[in-house]
Amino acid sequence: MRAQDLTAAITALVVVGMVWFRTRLHYLSRGSLRLRRAGRVYFAAVLLVLAAGWFAAPPIGRSVWPGGGGDSTIMRVLWFLATYYLFIVIHRALQSRRIEVFGAAEPP
């Protein structure tokens, strides 16, 4: 794995952690939490969008910036950061519809 690919992979992992942490913060006052079905779909969508970006960002970057400025690492990192902000909006939309990503854990 090239160093640039490693940088992009680490960025993707950091973004997944940031989405998880930010989303979880909205439910902290409820005590012990468990990922709900909507949450599993939500985080699967995060992973799918990140995976799509891994493959789609470099060609998009080359088409937008054909002179070599569209480096694949930069384009992937930008895609990953855009994914983070996109899922902030998606989570707010879910909240407005009263769909919970995390819910109270059931007692043992």
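Refer to the structure presented above.
What comes next concerns the included structure.

Thresholds applied
- Residues numbered from 1 in each chain as written.
- Predicted model: local features only at pLDDT ≥ 70, side-chain atom pairs only at ≥ 80, totals over all residues.
- Heavy atoms only, no water.
- Axes fitted to C-alpha atoms, helices over the stretch in contact; angles between N-to-C directions.
- Helix = DSSP H or I, 4+ residues; strand = E, 2+ residues; numbered from the N terminus.
- Parallel < 35°, antiparallel > 145°, perpendicular 65-115°, else oblique.
- Left-handed = near helix turned anticlockwise from the far one by under 90°.
- Contact = heavy atoms within 4.5 Å.
- Nonpolar A, V, L, I, M, F, W, Y, C, P; charged D, E, K, R; others polar.

### Points about the packing of helix 1 (residues 3-25) against helix 2 (residues 37-64)
Next up, step 1: As a packed pair, helix 1 and helix 2 sit with axes 11 Å apart at the nearest point and diverge in direction by 160°. Our classification of the angle between helix 1 and helix 2 gives roughly antiparallel. Crossing of helix 1 against helix 2: the hand is right-handed. In this structure, helix 1 contributes D5, A8, A9, A12, V15, V16, V19, W20 and T23 to the contact, and helix 2 contributes Y42, F43, V46, L47, L50 and W54.
Next up, step 2: Within the contact of helix 1 with helix 2, the residues separate by chemical class into 13 nonpolar, one polar and one charged.

### Some words on the environment of T73
Next up, step 1: By the secondary structure assignment, T73 is in helix 3 (residues 72-96).
Next up, step 2: With 65 residues separating them in the primary sequence, T73 and A8 have C-alpha atoms 5.9 Å apart.
Next up, step 3: Discounting chain neighbours no more than four positions away, the residues touching T73 are Q4 and T7.

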